[in-house]
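As a plain string of letters, each chain reads:
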Amino acid sequence: MSDELIRSQLTERRGDYGFDAPYMPVTLGLLGVGFLSLGILALRKIRSWIPGIVLLANGAYFLLSMTGFLYTTRLGKFLVWAEILARLGLRGDEHVLDLGCGRGAVLLMAAALLPHGRAVGVDLWKTSDQSGNAADVTRQNAVLEGVAERVELQTADMRKLPFANNTYDVVLSSLAIHNITEESGRMEVLTEAVRVLKPGGKLIITDFQQTERYAEHLRALGMSDVSNRRLDWRFWYGSPWTMVRLVSARKPA
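These remarks concern the structure in this document. (Residues numbered from 1 in each chain as written. Predicted model: local features only at pLDDT ≥ 70, side-chain atom pairs only at ≥ 80, totals over all residues. Heavy atoms only, no water.)

What to know about the overall build of the protein
When helices and strands are tallied, the protein shows seven helices and seven strands. Element order for the protein, N to C, with α for helix and β for strand: α-α-α-β-α-β-α-β-β-α-β-α-β-β. Taking 2.2 N^0.38 as the reference for a compact globule, 253 residues should give roughly 18 Å; the C-alpha atoms of the protein span a radius of gyration of 20 Å, in line with that estimate. Taken along the three principal axes of its C-alpha coordinates, the protein extends 70 × 40 × 35 Å. Per-residue burial over the protein gives 49% buried out of 253 residues. (Helix = DSSP H or I, 4+ residues; strand = E, 2+ residues; numbered from the N terminus. Rg over C-alpha atoms; globule rule 2.2 N^0.38 Å. Buried < 20%, exposed > 50% of the residue type's maximum accessible area, 1.4 Å probe, protein only.)

Shown next, in the form of structure tokens:
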């Protein structure tokens, strides 16, 4: 099957995947409306042109950022992840682990490529990280996507994975590791991810904070083919300042 056909199939989503960091678009929208209101007030009542224009520009910026955020969380990230997964060249019998799977946006896309494999997702199911985040919601999405029999969910801390060494062919994580506030904790996640990877296995992470440190730590752990690159505008959460990066690596065979 061609990469183009795989991408097309993966982006035909039937489940409901909520909103990432749901407080953010609300905050951006309120800031946008607030600045626009102040700008109009400055122009009409105070007759202050320069402050008014500056306030209007800020309002437009925040509303555009809100629009970009909503696009990424509802469509853009799916398009980018479909391309990432298609390029993995999976046989279909692999065991894949998704760290911080949430409502299954990436987990279930991977499961669609595993007719004879297994996709396992772990999460602590915090709704501050994703709206309506719950294991039951993810299970229902798996049913809607037609992959429920290939999917397993566990409630677990990414820093202490309940799996044996050398278990998974691929470990994925999308915008989850940065939610751990301590740098030492984020490095623990990477160490655990490498531990559960099989020799020759692939690690794929998307995130937007400290990705260079991720790459450094993976190299220190002996991982090969470590890369850290920017993803395109479809994976920007509101502006270039919150663009997402892709960190990938391979565990030596």
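Remarks on the pattern of salt bridges
Where charged atoms from two side chains of opposite charge come close, those side chains can pair. Scanning all chains against the criterion turns up 19 salt bridges. Measuring nitrogen to oxygen at the nearest pair gives 3.0 Å for the salt bridge that ties Asp136 to Arg139. On the criterion of helical spacing, the pair formed by Asp136 and Arg139 is a turn pair, its members being three residues apart in helix α5 (residues 135–144). Residues joined by salt bridges that share partners form a network here, namely Arg13, Arg14 and Glu145. (Salt bridge = Lys/Arg side-chain N within 4 Å of Asp/Glu carboxyl O.)

Describing the pairing of strand β7 (residues 245–250)
Looking along a regular strand, one sees side chains alternate from face to face of the sheet. Sheet topology places strand β5 (residues 197–207) next to β7; six bridges connect them, and they run antiparallel. Across the sheet, the residue bridging to Ile205 is Val247, located in β7. Note that strand β6 (residues 224–230) and β7 share five bridges and pair antiparallel. Within β7, the position partnered with Asn228 by the bridge is Val247. (Pairing = 2+ DSSP bridges.)

Some points on the packing of helix α2 (residues 23–46) against helix α3 (residues 49–87)
Running from N to C, α2 and α3 cross one another at 160°; their axes reach a closest spacing of 7 Å. Taken together, α2 and α3 sit at an angle that is classed as roughly antiparallel. The element α2 and its partner α3 pack so that their crossing is left-handed. Looking at the contact of α2 with α3 residue by residue, the classes come out as 21 nonpolar, seven polar and no charged. (Axes fitted to C-alpha atoms, helices over the stretch in contact; angles between N-to-C directions. Parallel < 35°, antiparallel > 145°, perpendicular 65-115°, else oblique. Left-handed = near helix turned anticlockwise from the far one by under 90°. Nonpolar A, V, L, I, M, F, W, Y, C, P; charged D, E, K, R; others polar.)

So, the pairing of strand β1 (residues 95–99)
Burial analysis of β1 places four of its five residues in the buried class, the great majority of the element. Where β1 lies against strand β2 (residues 118–123), five bridges are found, and the strand directions are parallel. Counterpart to Asp98 in the pairing with β2 is Gly121.

Structural notes on the environment of Ser37
With respect to the helices and strands, the residue Ser37 is situated in helix α2. Judged by relative accessible area, which is 43%, Ser37 ranks as partly exposed. A distance of 2.8 Å separates the side chain of Ser37 from the backbone oxygen of Val33, its partner in a polar contact. (Polar contact = N/O pair within 3.5 Å; in protein donor to acceptor, adjacent residues only side chain to side chain.)

A few points about the packing of aromatic side chains
Taken as a whole, this structure holds eight aromatic pairs when the rule is applied. Here Tyr61 and Phe62 contribute two aromatic rings whose centre-to-centre distance is 5.4 Å and whose plane-to-plane angle is 70°, an arrangement assigned as edge-to-face. In this structure Tyr61 comes out as partly exposed when scored by relative accessible area, which is 37%. With a centroid separation of 5.3 Å and 80° between ring planes, the pair formed by Phe163 and Tyr168 is classed as edge-to-face. Tyr168 carries the same exposure label as Phe163, and that label is buried. (Phe/Tyr/Trp six-rings, centres within 6.5 Å; stacked < 30°, edge-to-face > 60°.)

Remarks on the packing of helix α6 (residues 183–196) against helix α7 (residues 211–220)
The geometry of α6 relative to α7 is characterised by a closest axis approach of 10 Å and an angle of 45° between their N-to-C directions. What the angle tells us is that α6 and α7 run oblique. As α6 packs across α7, the resulting crossing turns out to be right-handed. On the side of α6, the interface is formed by Glu183, Arg186, Met187, Leu190, Thr191 and Val194, while α7 contributes Arg213, Tyr214, His217 and Leu218. (Contact = heavy atoms within 4.5 Å.)

Overview of the sheet that holds β2
Taking strand neighbours across the sheet as the criterion, the seven strands line up as β3-β2-β1-β4-β5-β7-β6 in an open arrangement whose pairing is mixed. On the outer flanks of this sheet lie β3 (151–155) and β6, each paired with one strand and no other. Neighbouring strand axes in the sheet, compared pairwise and without regard to direction, differ in orientation by 15° on average. Strands β1, β4 (168–174) and β5 of the sheet are contacted by α6, whose axis makes an angle of about 145° with β5.

Comments concerning α6
Taking 1.5 Å of rise per residue, 14 residues should cover 20 Å, and α6 covers 20 Å from first to last C-alpha, within 8% of that figure. The set of residues buried in α6 consists of Gly185, Arg186, Met187, Val189, Leu190, Glu192, Ala193, Val194 and Val196. (Expected span 1.5 Å × (residues − 1).)

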